[in-house]
Amino acid sequence: MENEKNSSRRSFISKSALALFTAAIGSKIVFGENLPADLEPVGLESGGDTKLIPGKSGKLKILNDKPWNAETPVHLLDPEVTPANLMFVRNNGIPPVEVDVNNWTLEISGESVKQTKKYSLKELMQKFKHYSYNLTLECGGNGRSEFNPPAKGNQWGLGGVACTKWTGVRLKDILNDVGLKDDAVYIGYYGADTHLSGDQSKVVISRGVPIGKAMEDETLIAWAMNDQPIPVMNGYPLRLVIGGWPASVSGKWLTKIAVRNKIHDGPKMEGHSYRIPKYPVPPGTKVPDEGMKIIESMPVKSIITYPKKGAVVSKGQTFEVRGHAWAGDLAVKEMHVSIDFGVTWTKCELMPPKNRLAWQRWKTNLQLPEIGYYEIWARATDEKGKAQPMVLPGWNPKGYLNNASHRIGIIQR
Ligand SMILES: Nc1nc2c(c(=O)[nH]1)N[C@H]1C(S)=C(S)[C@@H](COP(=O)(O)O)O[C@H]1N2
Ligand SMILES: [Mo]
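(A) Geometry of the overall build of the protein. Summing up its helical and strand segments, the protein has 5 helices and 24 strands in all. Dimensions of the protein along its principal axes, counting C-alpha atoms only, are 85 × 60 × 45 Å. The proportion of buried residues among the 413 residues of the protein is 48%. In the protein, the share of contacts with a sequence separation of at least 24, taken over all contacts with a separation of at least 6, comes to 70%. Of the roughly 20,000 Å² of accessible surface on the protein, 52% is carried by carbon and sulfur atoms.

Structural data, given as structure tokens:
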């Protein structure tokens, strides 16, 4: 009755007008017949391709939706600890859809364990001491979009990096509980994600690290990120977390760790995956598999998180410039910025990391001499004296390890 009354009072959009709007939007307008005659649909100003990633902020820049790959706009990486919904997503396959936390197990097996063992999540939590570390995870392909000739794959800008707080148990405590044979040299992870082809028997990705890196204090089997369950896209309910190395070694949706008596040979360990040439090659070179080596510690790098690119500074204003710097397994020793295209450099204040393998905050105050356009260039130097290059450091076939200086343009008015 109520509905009937309403419809008798209102006049609705004509069928031909609705057809026009439907064509313009490119999609059926559900409930379109309810649109009042004098109201136009507001439409999709963004172009209609802003899909939402479960559990993630709509501010992430989507690079791929099959599988999900999304990066963080650099200025949103400003907090010391990256907010969970802003951490980048790099999936190679399809995340597990139904996660049964109560029956989730982690198997430790492989030819170099004394016996195979399985732990439930509860056992892991009860049996071993808990640790928390802030760990920098950066995709090996972060910065790939600057490669020329271009490298295939997701065209990452600078936002395939995050530093979040991880809580869990040390992998070394688990491995010691299981017992390793003397010939153990490598570990490899397995996760519960499934292959894009739909073939359930195919492993999506299974990478690993030498036993020495696996046994470091900061190498965690984690169930929490930023004091909350790990976001679905970042590996819920359990994840291997290894700071300082390409994030591809940090297995998500973790179900198994294999302890190996040789370099792990899972999918994406071999060929050109996460490998770079052993020697410098001219751009565009086809490098044979034997000429490639596995990427280990990531190179020194930094980002400017404030101000945002395109910021407007009023004449004479002093403003803070800040960001983060990291250097794989090493610490960052010095941080500099330039406002004159690299002719002179200003040394910045650089904080120590929260813990080993966490990024370091840097900041300084700047004042610009006159009205006009400037670029701020940022350059970090690691504890061994290696600094970031201004341009792409060395071309490689898959577009890894671009640690060129971050530059932002700003205006003084
Ligand atoms: N099981 C599984 N683990 C994985 C991946 C994956 O596709 N499946 N991607 C790897 C890659 S290449 C990267 S860069 C990081 C990305 O972590 P994030 O999505 O939590 O940012 O996870 C790594 N671990
Ligand atoms: Mo990655």
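(B) A look at the side chain of S273. With respect to the helices, strands and loops of the structure, S273 is situated in the loop between β13 (254-260) and β14 (275-277). A relative accessible area of 13% places S273 in the buried class. Excluding residues that lie within four positions of it along the chain, S273 makes contacts with K268, K398 and Y400.

(C) Quick peek at the packing of aromatic side chains. Scanning the model with the defined rule gives 6 aromatic pairs in all. Summarising the aromatic geometry, the rings of Y119 and F128 are spaced 5.7 Å apart at their centres and angled 70 degrees between planes, so their arrangement reads as edge-to-face. By the burial criterion, Y119 is buried, and F128 matches it. In this arrangement the basic side chain of K256 is found over the ring face of Y190, its NZ or CZ atom lying 4.5 Å from the centre.

(D) Geometry of the pattern of salt bridges. Applying the stated criterion across every chain yields a total of 19 salt bridges. One salt bridge connects E111 with R260, and the closest N-O pair in it is separated by 2.8 Å. In this pair, E111 is assigned in the loop between β4 (105-109) and β5 (117-120) and R260 in strand β13, connecting sequence segments 149 residues apart. K165 is the salt-bridge partner of D227, the closest N and O atoms lying 2.9 Å from each other. On the criterion of sequence distance, the pair formed by D227 in the loop between β10 (220-225) and β11 (228-229) and K165 in strand β7 (residues 161-170) is long-range, its members being 62 residues apart. Under the relative-accessibility criterion, D227 is labelled exposed at 53%. Assessed through its relative accessible area of 25%, K165 is described here as partly exposed. Several salt bridges converge on common partners, so that one network encompasses K213, E216, E218, D329 and R356.

(E) Quick peek at the sheet that holds strand β9 (residues 208-210). Taking strand neighbours across the sheet as the criterion, the 5 strands line up as β5-β4-β13-β8-β9 in an open arrangement whose pairing is mixed. In the strand order of this sheet, the two ends are held by β5 and β9, each with one partner. Strand after strand, the sheet turns through a mean of 15 degrees between neighbouring axes, direction not considered. This element, helix α4 (residues 171-178), spans β4, β5, β8 (186-191) and β13 of the sheet and lies at about 135 degrees to β5.

(F) Structural view of the sheet that holds strand β16 (residues 301-306). Pairing in this open sheet of 4 strands is antiparallel, and the strands run β16-β18-β22-β21 from one edge to the other. Since the sheet does not close on itself, it has two edges, and those belong to β16 and β21 (349-350), each with one partner. Of the strand pairs in this sheet, β21 and strand β22 (residues 360-366) are connected by 2 bridges, and their pairing is antiparallel. By the bridge assignment for β22, E349 is matched with K363.

(G) Broad picture of the pairing of β22. Of all the 7 residues making up β22, 5 are buried; the element is thus mostly covered by neighbouring parts of the structure. Bridging between strand β18 (residues 319-326) and β22 involves 7 bridges; their strand directions are antiparallel. Bridging across to β22, A325 finds its partner in Q360.

(H) Examining the site of ligand 1 more closely. Lining the immediate environment of ligand 1, one finds 20 residues, of which F88, D193, N234, R239 and K252 sit closest. Take F88: an N or O atom from its main chain is 2.7 Å from an oxygen atom of ligand 1. Contacts to ligand 1 include K252, whose side-chain N or O atom sits 2.5 Å from an oxygen atom. Surface burial for ligand 1 is 100%, taken as the share of its 530 Å² of free accessible area covered by protein chains. When grouped by side-chain class, the residues that make up the shell around ligand 1 number 10 nonpolar, 6 polar and 4 charged.

Reading the values: the criteria
Residues numbered from 1 in each chain as written. Chains lettered and ligands numbered in written order. Predicted model: local features only at pLDDT ≥ 70, side-chain atom pairs only at ≥ 80, totals over all residues. Heavy atoms only, no water. Helix = DSSP H or I, 4+ residues; strand = E, 2+ residues; numbered from the N terminus. Buried < 20%, exposed > 50% of the residue type's maximum accessible area, 1.4 Å probe, protein only. Contact = heavy atoms within 4.5 Å. Areas by Shrake-Rupley, 256 points an atom, 1.4 Å probe, with all protein chains shown as cover. Phe/Tyr/Trp six-rings, centres within 6.5 Å; stacked < 30°, edge-to-face > 60°. Lys NZ or Arg CZ within 6 Å of the ring centre and 35° of its normal. Salt bridge = Lys/Arg side-chain N within 4 Å of Asp/Glu carboxyl O. Pairing = 2+ DSSP bridges. Axes fitted to C-alpha atoms, helices over the stretch in contact; angles between N-to-C directions. Near = heavy atom within 4 Å. Polar contact = N/O pair within 3.5 Å; in protein donor to acceptor, adjacent residues only side chain to side chain. Nonpolar A, V, L, I, M, F, W, Y, C, P; charged D, E, K, R; others polar.

This is a description of form; function is not addressed.
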